[in-house]
Amino acid sequence: MAYKDDYVFGAEFPQRRLYARVARAEQIGTGPYARHSYEFDAVDVEVSSGGRFEPLFDADDQRHFALVRVVTTEGLFDRTFGTVPQPGYWFALDIGPKGGGPITFHAQLTGTGYSVMSRGTLQSATFLFADEDLGGGPDRGPDGDGGGRGGGLLPDALRLTEDRVPVVEVEIDGFASIRRGTGKEQEKGRIKVGLRSLGAAASVDIDAAKALANECEFPQGALTQAGDIQTVLASKPSPHAISINDVGQASFATLLDDKQRPLVYFDAGWPVVFNGKTAPKSPPSLSSGTPVIVSHWDFDHISGFFRFPELGQAPWIAPVQRLGPGARKIAAALAGRNLLMGWSGSSIALPWGELVKCSGLPKMVNHSGLALIVLLDSGKKALLAGDANYESINLPNTSFSYLAVTHHGAHFEGSVPTPIAGGALGIISVGRGNVYGHPKAASIAKHTRAQWLLDRTAGTRKKRRGDRTFGP
């Protein structure tokens, strides 16, 4: 089935009010006025009636779930709505087909994933709280991959000014400057942020939003022991090869035996509709029951759950991380089938490698998940990094024959792993024409200076797109 059969572009844009968690914040241009892409994992406000959300995650009905992507400059979002989105921030959003707000793309969840897209505007954005304000979350001050300043809602901080404009008082670590006209004033390490919108201020129910966010925690019944994970993975023979599958702008790798049969999947990605045009004409051929290791809970690493029914019948080994509504829906479905194995402990040794628990702060989802070191039956070693900075993987003092390049070739901090020899193969899982501009020139340059020979699933002028192979 070709991608055009999966996706609908140019659908009618809805008028919708949503509770939404920032899943991704990424700069997509360069310079002081560079645009940013802010992606929200969202669900309709109306589902909060009565404060019960369990049916929302258990039901087959997808109509309440959406992804919202806002494209604007950091400064414009800040000036218009009074704060800058960071991964782990929760907002109340009003979106609609018309208005003077930032360009907004809406993706509706369907049976095959977030596959129906429309374009409209963001009409209001009201910051509610951050993950760590819910208790048991990461330390105060999320900066995620967006790199912006951190903050957290102070207890009982939401209030109205005399002219009925909602204001929150936010504690800021290392707040550097205040710009005129932004509605901010510094006061003993705190600032007051006016939650302005282009229309009337949204009516928000903080208690309902917090109840939803708490319901989006990783399912506690799915927490597992190292021995259970070893039982699933150690029973597999040493992989003969690794296929970095061409899934467009997403991540999906397959560990193969000597007869090209799948042993383990690392990530289970498929493009959401924002990058739907990068999808391959034919999806990968999958085997039911093959275990899945998830590096982290970004949709381009987990959306294969919706697209490929085989993946919903297999155990998923996943990091215990904060989730948004859509990601929690996947986790709930797997947990309900006793197929979700949540891991938050240290790295786990395997007969053919190591499942690595990355050392990034919990608020930094990309860098606090799982990576995989694979020892092929040839004795060659490969690193599958997911989206993690290599330094967060705590690599042993060793070199690698193969490298699945981190984060689709996006910008990253820190150094590059050492290849076993100059010209060792590094593969970038990426889709041509993706909305983020991956791979970035700086990332390619870093890997090239470290003497990695790079290829990409998207293809080059001399080589067609397609799966790429490590080994044998």
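Our structure's up above, just so we're on the same page.
Keep in mind that what you see is a predicted model, and the values were worked out from it rather than measured.

To continue, consider the packing of aromatic side chains. Evaluation of the coordinates by the stated rule reveals 19 aromatic pairs. A centroid spacing of 6.1 Å and a plane angle of 35° characterise the contact between Tyr7 and Phe9, whose relative ring orientation is tilted. For Phe9, a relative accessible area of 31% translates into the label partly exposed. Judged by centre distance (5.2 Å) and plane angle (75°), the ring pair of Tyr114 and Phe299 falls under edge-to-face.

In this section: unusual backbone geometry. Along the chain, His438 connects to Pro439 via a cis peptide bond; the corresponding omega equals 0°. Its location among the elements puts Pro439 in the loop between β23 (424-428) and α9 (441-449). In the segment running from Gly471 into Pro472, the intervening peptide bond is cis, with an omega of 5°. With a phi angle near 65°, Gln260 is a residue other than glycine that sits in the positive phi range. Looking at the secondary structure, you find Gln260 in the loop between β13 (253-256) and β14 (262-266). With a phi close to 55°, Asn394 is a non-glycine residue in the positive phi region. Residue placement: Asn394 occurs in the loop between β21 (381-384) and β22 (402-404).

If you look at the biggest cluster of nonpolar residues, it comprises 61 residues, and the most contacted ones within it are Tyr114, Leu212, Trp297, Leu311, Trp316 and Leu340. Sequence-distant contacts of Leu311, defined by excluding residues within four places in its chain, comprise Phe252, Tyr265, Ala268, Leu286, Val292, Gly304, Phe305, Trp316 and Leu334.

Cut-offs applied
- Residues numbered from 1 in each chain as written.
- Predicted model: local features only at pLDDT ≥ 70, side-chain atom pairs only at ≥ 80, totals over all residues.
- Heavy atoms only, no water.
- Phe/Tyr/Trp six-rings, centres within 6.5 Å; stacked < 30°, edge-to-face > 60°.
- Buried < 20%, exposed > 50% of the residue type's maximum accessible area, 1.4 Å probe, protein only.
- Helix = DSSP H or I, 4+ residues; strand = E, 2+ residues; numbered from the N terminus.
- Core = buried A, V, L, I, M, F, W, Y, C linked by side-chain atoms within 4.5 Å.
- Contact = heavy atoms within 4.5 Å.

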